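Structural description and commentary
So you can see what is in the structure, the chains are spelled out below.
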Amino acid sequence: MDGLELLKTFREVALRGSFSRAANSLGMSKANASKYVALLETRFGVRLLNRSTRSVSLTDAGHLLLERSKPLLEMIERTESELQGHAGHPRGRLRVTAPHGLGQSSFAGLIGEFMITYPDVHVSLHLSNRVIDLVEEGVDVALRLGRIRDENVIVRRLRLMDLALCATPAYWARRGMPKKPDDMRRHDVLTYSLAGGGPQLPFEVDGQPYSVPVTSRMDANDAAPLVGVALAGLGAVCVPMIMAQSHIERGALVPVLREFMPRDLWLYAAYSQRRHNSAALRALLDFLEARVRDPEPVS
């Protein structure tokens with residue numbers, strides 16, 4: 001077994017404090033991660049990690065090896081990255097996370113196009129609405145929807161996202177079309193689950209954010225079931241336009257108050273701050289930036 005791979009595995013286990021998290025980051029099994037560290041311990045004749053059922057920690061020898069091997073591994077990885085960049089041939093595994101809502105849109109097709117364009121790149125896609133720690137969970141890039149916060153990540157804006165507040169024609173006929181944001185106080189609304197505070201809808205009035213408390217008929221932590229319930233005529237839902245556009249185009253949903261929808265929500269890619277990112281990651285970011293376009297206006 002290549003000593004460099006053993007050192008890389010040891011470093012990941014040491015930094016993440018877990019064989020499982022290290023294995024996920026490296027794209028290998030937990031059993032192999034444990035085996036590689038054991039081989040390294042046998043090679044040096046010392047115990048490098050203290051193991052328990054819940055966690056691992058470094059021994060004194062482990063601390064020494066981690067400290068001494070860090071500059072070597074960084075130099076090798078930097079060289080590998082630069083060589084790949086010179087070769088101009090993206091390859092390897094990319095770990096991508098995205099919200100569930102994107103899985104209901106054309107995003108999956110875009111990933112397919114990217115894989116056809118770059119056949120040596122393997123994409124590992126995890127759909128989750130949870131905001132994760134990219135470094136802790138070994139994720140290369142996270143696609144997110146919403147306002148961009150100041151985080152310890154690099155952000156590439158891909159597209160401004162229009163929101164659509166919509167319901168079925170029958171619902172609006174029964175309950176009345178709203179003319180201003182505050183009219184939504186008397187409507188049934190299908191809302192996102194909130195950690196605190198009551199349900200509300202986001203608007204923009206005179207260029208300023210304006211939230212309206214509403215009555216929630218149903219809440220969920222994902223937009224897809226809310227759209228389904230809205231299509232059954234049980235209330236109004238506010239979702240990114242990419243999730244409602246096909247239903248709006250065929251007349252199943254009717255958007256309202258479009259002039260009051262927020263204008264500062266983005267689809268963006270977030271990735272960790274590394275001195276050199278892989279050719280595969282750069283290719284994916286460039287591909288998404290080139291292929292993700294503003295949606296056509298919906299009449």
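Going by the structure above, here's the rest.
The structure displayed is predicted, hence computed values, not measured ones. (Residues numbered from 1 in each chain as written. Predicted model: local features only at pLDDT ≥ 70, side-chain atom pairs only at ≥ 80, totals over all residues. Heavy atoms only, no water.)

Closest axis-to-axis distance for the helix 2 (residues 19-26)/helix 3 (residues 30-44) pair is 8 Å, and the angle between their directions is 105 degrees. Classed by the angle they form, the pair helix 2 and helix 3 counts as roughly perpendicular. Side by side, helix 2 and helix 3 meet where Phe19, Ser20 and Ala23 of the first sit next to Lys30, Ala33, Ser34 and Val37 of the second. Looking at the contact of helix 2 with helix 3, its residues break down into 4 nonpolar, 2 polar and 1 charged. (Axes fitted to C-alpha atoms, helices over the stretch in contact; angles between N-to-C directions. Helix = DSSP H or I, 4+ residues; strand = E, 2+ residues; numbered from the N terminus. Parallel < 35°, antiparallel > 145°, perpendicular 65-115°, else oblique. Contact = heavy atoms within 4.5 Å. Nonpolar A, V, L, I, M, F, W, Y, C, P; charged D, E, K, R; others polar.)

The next point concerns the pattern of salt bridges. Tallied over the full model, the rule gives 9 salt bridges. For aspartate 188, the salt bridge goes to arginine 175, with nearest N and O atoms at 3.0 Å. Of the two residues, aspartate 188 is situated in strand 8 (residues 188-192) and arginine 175 in helix 7 (residues 169-175); the sequence distance between them amounts to 13 residues. A salt bridge links aspartate 183 to lysine 180, with the shortest nitrogen-to-oxygen separation between them at 2.9 Å. Classification of aspartate 183 as buried rests on a relative accessible area of 12%. The class for lysine 180 is partly exposed, based on a relative accessible area of 45%. Taken together, the shared-partner salt bridges connect Arg11, Glu12 and Arg16 into one network. (Salt bridge = Lys/Arg side-chain N within 4 Å of Asp/Glu carboxyl O. Buried < 20%, exposed > 50% of the residue type's maximum accessible area, 1.4 Å probe, protein only.)

Note on placement: arginine 156 falls in strand 6 (residues 154-160). One polar contact links arginine 156 to aspartate 286, side chain to side chain, over a distance of 2.8 Å. (Polar contact = N/O pair within 3.5 Å; in protein donor to acceptor, adjacent residues only side chain to side chain.)

Looking now at the packing of aromatic side chains. Inspection of every chain in the model, using the stated rule, returns 3 aromatic pairs. With centroids separated by 5.6 Å and ring planes inclined at 65 degrees, the aromatic side chains of phenylalanine 114 and phenylalanine 287 adopt a geometry described as edge-to-face. Pair noted here: phenylalanine 114 is in helix 6 (residues 107-117) and phenylalanine 287 is in helix 10 (residues 279-291), with a separation of 173 residues, a long-range link. Note on tyrosine 171 and tryptophan 172: the rings are 5.4 Å apart at their centroids and 70 degrees apart in plane angle, and the pair reads as edge-to-face. Look at tryptophan 172 and you get buried, because its relative accessible area is 3%. (Phe/Tyr/Trp six-rings, centres within 6.5 Å; stacked < 30°, edge-to-face > 60°.)

This part covers the sheet that holds strand 4 (residues 121-127). Think of a sheet as strands paired side by side through backbone hydrogen bonds, with each pair either parallel or antiparallel. In space, the 5 strands of this open sheet follow the order 4-3-5-14-6, with mixed pairing throughout. A strand with exactly one partner marks an edge of an open sheet, and here the two such strands are strand 4 and strand 6. Mean inter-strand twist for the sheet, computed between neighbouring axes without regard to direction, equals 20 degrees. Pairing analysis gives 7 bridges linking strand 3 (residues 92-98) to strand 4, with the strands arranged parallel. Residue pairing in the sheet places threonine 97 in a bridge with histidine 126 of strand 4. Each of strand 3, strand 4, strand 5 (141-146), strand 6 and strand 14 (266-271) is contacted by helix 10, which is oriented at about 25 degrees to strand 6, the strand it contacts most. (Pairing = 2+ DSSP bridges.)

Turning our eyes to something else, we now look at the environment of aspartate 120. Its location among the elements puts aspartate 120 in the loop between helix 6 and strand 4. Each C-alpha atom, one on aspartate 120 and one on arginine 91, is 4.7 Å from the other, the two residues being 29 residues apart in sequence. Excluding its chain neighbours within four sequence positions, the residues that come into contact with aspartate 120 are His89, Pro90, Arg91 and Gly92.

It is worth spelling out helix 3 at this point. Taking 1.5 Å of rise per residue, the 15 residues of helix 3 would be expected to cover 21 Å, and the 22 Å separating its terminal C-alpha atoms lies within 8% of that figure. Along helix 3, the residues that are buried comprise Ala33, Tyr36, Val37, Leu40 and Glu41. Along the axis of helix 3, the buried residues cluster in a sector spanning 140 degrees; they form a single face. When the buried face of helix 3 is taken as reference, the exposed residues oriented beyond 90 degrees from it are Ala31 and Thr42. The positive-phi residue at the C-terminal boundary of helix 3 is glycine 45, with phi of around 75 degrees. (Expected span 1.5 Å × (residues − 1). Arc of directions from axis to C-beta.)

Attention now moves to the sheet that holds strand 13 (residues 254-256). The strand order across the open sheet formed by 5 strands is 11-8-12-7-13, and the pairing between neighbours is mixed. The strands lining the two open edges of the sheet, one partner per strand, are strand 11 (215-220) and strand 13. The sheet shows a mean angle of 40 degrees between the axes of neighbouring strands, direction not considered. Here strand 8 runs beside strand 12 (residues 236-240); their pairing, made up of 2 bridges, is parallel. Note that in strand 12 the partner of valine 189 across the bridge is alanine 236. Those strands touched by helix 9 (residues 241-249) are strand 7 (163-167), strand 12 and strand 13, and its axis lies near 120 degrees from that of strand 12.

Glancing now at the nonpolar core. Core analysis: the biggest nonpolar cluster contains 43 residues, and Leu165, Met184 and Phe203 have the highest contact counts within it. Among the elements that make up this core, the one with the highest residue count is helix 10 (7 residues). Setting aside anything within four residues of it in sequence, one finds leucine 165 in contact with Met184, Leu201, Phe203, Ala236, Val237, Cys238, Val254, Pro255, Val256, Leu257 and Met261. Within the second largest apolar cluster, 20 residues are counted, among which are Leu6, Val13, Ala22 and Leu58. (Core = buried A, V, L, I, M, F, W, Y, C linked by side-chain atoms within 4.5 Å.)

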